[in-house]
Each structure stands twice: as C-alpha cells, then as structure tokens.
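# Geometric and topological summary
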Amino acid sequence: MMDFGFKISPSSAINLDNADLSLYDELCKAEPDICKCMACGSCSAACPANRFSGMSVRKLIIDLQRGKKKEAVKMLSDCMLCGKCTMVCPRGINTRHLILSICKLYKED
Ligand code: SF4
Ligand code: SF4
C-alpha cells in the first residue's frame, strides 16, 4: 500500500446488536434511575477527579450502555466517592450509589 505519511484511524463504530448488555440490564434493575440520565455532563464538570484522571459518570454510563465494560471498570478506580456528582445531577440520580452498584456488579463478574 502506498505511504501517504498518515493513517486512517480505525473505526470506533459499535455494533449494538453484538454488544453484550446483560450486565447493563442487571444494573438497570438494581438502579432504575440510570435511565433518567440525559448525558448533560454536570456530574463530570463537578467531579474533582475529572481534571486529573478523566473520571466522568456521564462517560461511565455511556460506556456501559454500549457494552464497553473494560473501559468502564478501569474508570471506576479513579472515583473517590466524594458524592459531588450526586449533588449537581439535575435528574436527581444518586450517582454515588450508582457507582457503588456498578462496582459491585461489574467487579464481581
Ligand atoms: S449530571 Fe445526571 S443527568 Fe447529567 S450526565 Fe450526570 S448522571 Fe446524567
Ligand atoms: S463521587 Fe466519584 S465520580 Fe462523583 S464527583 Fe466524586 S470522584 Fe467524581
């Protein structure tokens, strides 16, 4: 193949038909409020760990909805469980409790 001096990034498209969402379905049963998330990002903006580690409840939820379990579990270790994200969520989601449930469910798997 001819060398043009650059490469095309691999596609990041996700085929949701093939994604394993069994754990996410279990999480929805344990934490039905997760469905209220509108991905506004207020939780990420308030998170003290965000600027150092990229911790983001918004991204965490999106990763779980897409079956990207490995990325989500990796992010969990950056959370300090301070609860600031819970205080600012406009949908009233107890994100701190949600994070604890995710830890329990996904780290056991
Ligand atoms: S603040 Fe609440 S609604 Fe907004 S992205 Fe975070 S969890 Fe979702
Ligand atoms: S509980 Fe975790 S995710 Fe929420 S603001 Fe604190 S460090 Fe960030």
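See the structure above.
What you are looking at is a predicted structure, and each value in this text was computed from that prediction instead of being measured.

## Details of the overall build of the chain
Regarding its fold elements, the chain presents seven helices and zero strands. Reading the chain from its N end, one meets helices and strands in the order α-α-α-α-α-α-α. Its C-alpha atoms put the chain at 55 × 30 × 25 Å along the principal axes. With 109 residues in all, the chain has 22% of them scored as buried. Long-range pairs, those at least 24 residues apart, make up 63% of the contacts in the chain between residues at least 6 apart in sequence.

## With respect to the nonpolar core
One finds Cys-43, Val-57, Leu-60, Leu-64 and Cys-85 to be the most contacted residues of the largest nonpolar core, which totals 18 residues. Counting only elements with at least two residues in this core, the list comes to α1 (22-30), α4 (57-65), α5 (69-76) and α7 (95-108). When residues of this core are assigned to their parent elements, the largest contribution, four residues, is made by α4. Once residues within four sequence positions are removed from consideration, Cys-85 is found in contact with Cys-43, Ala-46, Cys-47, Val-57, Thr-95 and Arg-96.

## A few points about the site of ligand 1
Around ligand 1, the structure places 14 residues, and the nearest of them are Cys-37, Cys-40, Ser-42, Cys-43 and Cys-89. Those elements that provide at least two residues to the shell around ligand 1 are α2 (42-46) and α4.

## Digging into the environment of Cys-79
Secondary-structure assignment places Cys-79 in the loop between α5 and α6 (84-88). Contact partners of Cys-79, with chain neighbours within four places excluded, come to Ala-49, Met-55 and Ile-99.

## Overview of the site of ligand 2
In the vicinity of ligand 2 lie 15 residues, with Cys-47, Cys-79, Cys-82, Lys-84 and Cys-85 positioned nearest. Counting residues per element, the ones that place at least two in the shell around ligand 2 are α6 and α7. Split by residue class, the shell around ligand 2 holds eleven nonpolar, two polar and two charged.

## Focus on the environment of Phe-4
Locating Phe-4 in the fold gives a position in the segment before α1. Linking Phe-4 and Val-57, residues 53 residues apart in sequence, is a C-alpha distance of 39 Å.

## Looking at unusual backbone geometry
The phi dihedral of Ala-39 is positive, around 55°, even though this residue is not glycine. For Leu-81, which is not glycine, the phi dihedral falls at a positive 55°. By secondary structure assignment, the location of Leu-81 is in the loop between α5 and α6. Assessed through the 11 C-beta atoms surrounding it within 10 Å, Leu-81 is described here as exposed.

## Description of α4
Among the residues of α4, Val-57, Arg-58, Leu-60, Ile-61, Leu-64 and Gln-65 are the ones counted as buried. Down the axis of α4, the smallest arc covering the buried residues is 165°, so these residues share one side. Where α4 terminates, the next one or two residues include Gly-67, which has phi positive at roughly 75°.

Definitions and cut-offs
- Residues numbered from 1 in each chain as written.
- Chains lettered and ligands numbered in written order.
- Predicted model: local features only at pLDDT ≥ 70, side-chain atom pairs only at ≥ 80, totals over all residues.
- Helix = DSSP H or I, 4+ residues; strand = E, 2+ residues; numbered from the N terminus.
- Buried ≥ 20, exposed ≤ 12 C-beta atoms within 10 Å, placed from the backbone.
- Contact = placed C-beta atoms within 7 Å.
- Core = buried A, V, L, I, M, F, W, Y, C linked by C-beta atoms within 7 Å.
- Near = placed C-beta within 6 Å.
- Nonpolar A, V, L, I, M, F, W, Y, C, P; charged D, E, K, R; others polar.
- Arc of directions from axis to C-beta.

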